[in-house]
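The primary structure of each chain is shown beneath.
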Amino acid sequence: MSETLTSALPGAEYEGFVTVREAGLQGMITLRGDLGSKALAKAVTKATGCALPAQRQITTEGDHALAWMSPDEVLILCPHDKAPALVETLSEALAGEFATLANVSDARAVFRLSGAGWRDALAKICPVDFAPLGPGDLRRTRAAQVAAAILVDGAEEVRVICFRSVAQYMFDLLKTAAAPGSEPALYR
Amino acid sequence: MLLLTCPCCGVTAEETEFAPGGEAHLKRFGPGSADEDYESYMFNRKNPRGVHFERWRHAYGCGKWFLAARDTVMLEVFGTYPAQTTEPPAEIVEKIKARRPDWEGYA
Ligand SMILES: [Zn+2]
């Protein structure tokens, strides 16, 4: 019997002063190790096409991306169905390296915020000044009471990643923050 | 409001993004040590009104531990530095002395 995989809140969508959408299935692999290692960088770039990102940055190549999560952690983003094979490929390539890999695709939920007001919406729920953040930047923080990673994909496009167990909480939170007419208009 | 700069990821964030970890630079006394040393290690903590050295963790950020020198009254932060440091670094001590000339020093 085949398993039907679904994302946390399939099809969830809300039209506010920014649009909030659950982004669907997203392959995510946590890579921890010595990011200064040349062998590691080479193996990861070969497998994903992306260069290792600098501190708090994202590098993208086609449908793959690497996100800097901490001094020894990179989140690999890839198509959901390719994640298991990518883990295998990388495990082999990193056999002698100080590194660990884990497919965390189904442990997370991803939301997409579209609209010029994303900074205004997120500023209500995160203790962060979003003014300096632009495309290619990543910021890990909290959204109200849960951990969140914010990936800035474009001038009017960001993704918010959280644990799958708090997906409904996050969606409700983003809906409230994006409610029409509630823009704090901090960023103009 | 307390603002800390995480030396591990470079983010300057507000206190609620971090988790406090108590006094920094504790020397561990384990099995075989004198009772007074062990008791002191386990239970006795400085509780200064003023300059203090603390452990903090960037809990909602990069997840790493680091150390911070700050004033417990004014919330002024003199600096943050790596957790792999057994005593306050010289440049932090200099900064504190410049800001608090009557500080008795780290002991
Ligand atoms: Zn940090």
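Scroll up for the structure.
Here, residues in each chain are numbered from 1, in the same order as that chain's written sequence. Following the order in which they are written, the chains are lettered starting with A and the ligands numbered starting with 1. At least 70 in pLDDT is required for a residue's local features to be given in this predicted model, at least 80 for side-chain atom pairs to be given and counted, and no such filter applies to totals for whole chains, interfaces and linings, which use all residues. As a rule here, side-chain values come from all non-hydrogen atoms in the structure, and water together with hydrogens is ignored.

So, helix α2 (residues 90-99) of chain B
Residues and elements named next belong to chain B.
Consideration 1: When we look at burial in α2, the residues that qualify are I92, V93 and I96. Viewed along the axis of α2, the buried residues span an arc of 100 degrees, placing them on a single side of the element. In α2, the exposed positions that point more than 90 degrees away from the buried face belong to A90, E91, E94 and A98. Working definition: with a 1.4 Å probe on protein chains only, accessible area under 20% of the residue-type maximum means buried, over 50% means exposed, and in between means partly exposed. Helix and strand definitions follow DSSP, with helices as H or I runs of at least four residues and strands as E runs of at least two, each counted in order from the N terminus. Working note: the arc is built from the helix axis to C-beta atom directions.

Quick word on the pattern of salt bridges
All names here are of chain B.
Consideration 1: The salt bridge criterion pairs a side-chain nitrogen of Lys or Arg with a carboxyl oxygen of Asp or Glu, the two atoms within 4 Å. According to the stated counting rule, one finds 14 salt bridges over all chains in the structure shown.
Consideration 2: The partner of R99 in a salt bridge is E76, and the shortest N-O contact between them spans 2.6 Å. Of this pair, R99 sits in helix α2 while E76 sits in the loop between β5 (65-71) and β6 (77-82), placing them 23 residues apart in sequence.

Concerning the coordination of the zinc ion
Geometry sets the ideal angles at a metal, namely 109.5 degrees for four tetrahedral donors and 90 or 180 degrees for six octahedral donors.
All names here are of chain B.
Consideration 1: Coordinating N, O and S atoms are those within 2.8 Å of the metal (3.2 Å for Na, K and Ca), and as water is not part of the atoms, a site may appear to have fewer donors than expected. All of the protein donors around the zinc ion are C6 (SG), C9 (SG), H58 (ND1) and C62 (SG); their distances to the metal are 2.0 to 2.4 Å.
Consideration 2: Relative to the metal, the four donor atoms surrounding the zinc ion lie at angles of 97 to 117 degrees, and the coordination shape comes out tetrahedral.
Consideration 3: Going along the chain, you hit the donors of the zinc ion in the pattern C-x2-C-x48-H-x3-C. Of this pair, C9 sits in the loop between β1 (3-5) and β2 (12-14) while H58 sits in the loop between β4 (51-57) and β5, placing them 49 residues apart in sequence.
Consideration 4: Residue C9 is classed as buried on the basis of its relative accessible area, which comes to 3%. A four-donor site is classed as tetrahedral when every donor-metal-donor angle falls between 85 and 135 degrees; four donors are called square planar, and six octahedral, when trans pairs exceed 155 degrees and all remaining angles lie between 65 and 115, with any other arrangement labelled irregular.

The analysis is restricted to geometry; functional conclusions fall outside its scope.
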